Amino acid sequence: MIIDWHAHIYTPEEAADDLRTFDGKSGPSWGERGCPMVLDNFLAAHHAAGIDISVVTNAAHYLRGKAGHEELPAIQKWNDYAAEVQETHRGVLYCFATILPCGGPTFVRETERAIRQLGLKGIFIHSSHKGHYPDDDEARPFWELVQDLDVPVMIHPPHIGFGEERMKEYRLASSIGRPFDLCLALGRLIVRGILEDFPGLKLVASHGGGGICETISRMDYAYELQDEAFFLGPYAPMKIRHTPSYYLKKLYLDTVTYNRPAVNMMLDWIGVDHILYGSDAPPLTSLKPRALALIRELDIADEAKAKILAGNARRLLKLEPTGETKRPVARAGEMRPESRP
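Cut-offs and rules
Within any chain, residue numbers begin from 1 and follow the written order of that chain's sequence. In keeping with the model being predicted, local features are shown solely for residues with a pLDDT of at least 70 and side-chain atom pairs are shown and tallied solely at 80 or more, while totals for entire chains, interfaces and linings include all residues. To get the side-chain values, all heavy atoms of the structure are used, and hydrogens and water are removed first. Numbering of helices and strands runs from the N terminus; a helix is a DSSP stretch of H or I covering at least four residues, while a strand is a stretch of E covering at least two. Only C-alpha atoms enter the radius of gyration; for comparison, a globular chain is expected to reach 2.2 Å times N to the power 0.38, where N is the number of residues. Classification of residues uses two cut-offs on accessible area relative to the type maximum, computed with a 1.4 Å probe and protein chains only: under 20% is buried, over 50% is exposed, and between them is partly exposed. Contacts were defined at the residue level, with two residues in contact if any of their heavy atoms lie within 4.5 Å. Where accessible areas are quoted, they stem from the Shrake-Rupley method and a 1.4 Å probe; at the residue level, only the protein chains shown are allowed to cover. A positive count includes Lys and Arg, and a negative count includes Asp and Glu. His and the chain ends are not counted in either. Working definition for charges: the position is that of NZ of Lys, CZ of Arg, CG of Asp or CD of Glu. Each patch is built from residues that are more than 30% exposed by relative accessible area and take part in no salt bridge. Like charges join if they lie within 9 Å; nonpolar side chains (Val, Leu, Ile, Met, Phe, Trp, Tyr) join within 5 Å. A carboxyl oxygen of Asp or Glu within 4 Å of a side-chain nitrogen of Lys or Arg is what we treat as a salt bridge. How far a helix is expected to stretch is found by multiplying one less than its residue total by 1.5 Å. Axis lines are fitted through C-alpha atoms, for helices just across the contact stretch, and the angle between N-to-C directions can take any value from 0 to 180 degrees. Roughly parallel means an angle under 35 degrees; roughly antiparallel, over 145; roughly perpendicular, 65 to 115; everything else is oblique. Residue polarity follows a fixed list, in which Ala, Val, Leu, Ile, Met, Phe, Trp, Tyr, Cys and Pro are nonpolar, Asp, Glu, Lys and Arg are charged, and the others, Gly among them, are polar. Within 6.5 Å between ring centres, the rings of Phe, Tyr and Trp (the latter by its six-membered ring) count as paired, and their orientation is classed by plane angle as stacked under 30 degrees, edge-to-face over 60, tilted in between. A pair of strands is labelled paired if DSSP reports no fewer than 2 bridges between them.

A. Here's a closer look at the overall build of the protein chain. Within the protein chain one finds eleven helices and eight strands. The globule rule puts the C-alpha radius of gyration for 341 residues at 20 Å, and the 19 Å found for the protein chain is close to it. When its C-alpha atoms are laid out on the principal axes, the protein chain stretches across 60 × 45 × 45 Å. When the 341 residues of the protein chain are sorted by exposure, 53% land in the buried category. Partitioning the intrachain contacts of the protein chain with sequence separation of at least 6 by distance along the chain shows that 73% fall at a separation of at least 24. For the protein chain, the exposed surface amounts to about 15700 Å²; the carbon and sulfur share of it is 52%. Distance between charge centres in the protein chain, computed from 39 positive and 46 negative side chains, equals 2 Å.

In structure tokens form, the structure reads like this:
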């Protein structure tokens, strides 16, 4: 069995030809070649690669281009659409809600609606959004709820994060900027105590964690050499009780790295039980067979490959061999029939 943890679609409205690729308002027009993140393209790539189950997420880069009052309706639109897709393709596509963790109480309520009422299988968040990072104090009610809901959270970079003024050429925003932002977000989640305070979280980082396995040793010595490293600045307030690498091993990472040394480093740091196969296709569907070949060519046992390709994802998604009970779909502002008084 193969479960692809990392592939994206937009709502039909956000994939419209007159919208722009970067944030809905800037970049090339989707109309030049058509948005690749649409359901038909997703399904074609899924079946062509012999994938059994795909996790469907919305990269939602367009949220950056929306005004504050437009963000929640756009997210509710996606979550309702995701529930329809999951119901229509039951047992094949499992969809995640998109949420802004620092958005406040309305987004916390939308998180609960998406999981408890719509029946979505997990939550997708950006590593940052308009300068906010998910370790910010405003996000703590979100993490408290997520731990109670006991569903996986996938963290993925936005279109671009910090340093964007130097990343406007050569597609550096995608190739360099996104991994940078993700790595920073994971580092902040660790040192700011989110994984310490919410030990039940099931946090899955895209793109192999954006280089976190390379930088974690530097984070360890920054923690360990307290007095000697005084010239680096303060390490306060102290919010963790262990080295940062202790918390890294609690994370799950997907294999969207495109090279074997990166996956081997993930195996060395967190072990085979915390690694998930992903392709990031769509949008770039030609990457799907390359992503599969990366796992099949690893110098590890077949049993370990099976865990990466499907077993670990099945565990996180709580998938039963016989499928799940059908549940009705509730739209924004509605309750499921059996929940109505």
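B. Inspection of a nonpolar patch on the surface at higher detail. A cluster of nonpolar residues, Tyr221, Leu225, Phe230, Phe231 and Leu232, forms a patch on the protein surface that exposes about 560 Å² of accessible area. The class for Leu232 is exposed, based on a relative accessible area of 56%.

C. Summary view of helix H11 (residues 302-317). The first and last C-alpha atoms of H11 sit 22 Å apart over 16 residues, in line with the 22 Å expected at 1.5 Å per residue. Within H11, burial applies to Ala304, Lys305, Ile308, Leu309, Ala310, Asn312, Ala313, Arg314, Leu316 and Leu317. Two residues or fewer after H11 comes Lys318, characterised by a positive phi angle close to 55°.

D. Representation of the environment of Gly311 in the model. For Gly311, the location among the structural elements is in helix H11. Take Gly311: its relative accessible area is 31%, and that puts it in the partly exposed class. Along the chain, Gly311 and Ile270 lie 41 residues apart, while their C-alpha atoms are 16 Å from each other.

E. Here's a closer look at the packing of helix H7 (residues 212-224) against helix H9 (residues 260-270). Packing of H7 against H9 brings their axes to within 9 Å, and their N-to-C directions diverge by 45°. The pairing of H7 with H9 is recorded here as oblique in orientation. Every residue of H9 that contacts H7 at Cys213, Glu214, Ile216 and Ser217 is listed here: Met265, Met266 and Trp269. Tallied by class, the residues present in the contact of H7 with H9 amount to five nonpolar, one polar and one charged.

F. Up close: the packing of aromatic side chains. Tallied over the full model, the rule gives eight aromatic pairs. Aromatic side chains Tyr10 and Trp30 sit 6.2 Å apart centroid to centroid with 85° between the ring planes, which places their arrangement in the edge-to-face category. Placement of Tyr10 in the loop between strand S1 (3-8) and helix H1 (39-48) and of Trp30 in the loop between S1 and H1 is noted, with a sequence separation of 20 residues between them. The buried category is assigned to Tyr10, whose relative accessible area is 2%. Geometrically, the ring pair formed by Tyr223 and Tyr235 is edge-to-face, given 5.9 Å between the ring centres and 70° between the ring planes. One end of the pair, Tyr223, is in helix H7; the other, Tyr235, is in the loop between H7 and helix H8 (244-248), and twelve residues separate them in sequence. In this structure an aromatic cluster arises from ring pairing among Tyr10, Trp30 and Tyr62.

G. The pattern of salt bridges, seen in detail. Applying the stated criterion to the full structure yields 18 salt bridges. Arg116 is the partner of Glu112 in a salt bridge, and the nearest nitrogen-oxygen pair spans 2.8 Å. One end of the pair is Glu112 and the other is Arg116, both in helix H3 (residues 105-117) and four residues apart, which spans about a single turn. Residue Lys307 pairs with Asp273 through a salt bridge whose shortest N-O separation is 2.9 Å. Highlighted residues: Lys307 in helix H11 and Asp273 in the loop between H9 and strand S8 (275-276), separated in sequence by 34 residues. On the basis of relative accessible area, Lys307 is assigned to the partly exposed category, the value being 28%.

H. Main features of the sheet that holds strand S6 (residues 203-205). With parallel pairing, eight strands are arranged side by side in an open sheet as S1-S2-S3-S4-S5-S6-S7-S8. The two strands at the open ends of the sheet, each matched to only one other strand, are S1 and S8. Across three bridges, strand S2 (residues 53-57) lies against strand S3 (residues 93-98) in parallel orientation. Bridge pairing in S3 links Val55 to Tyr94.

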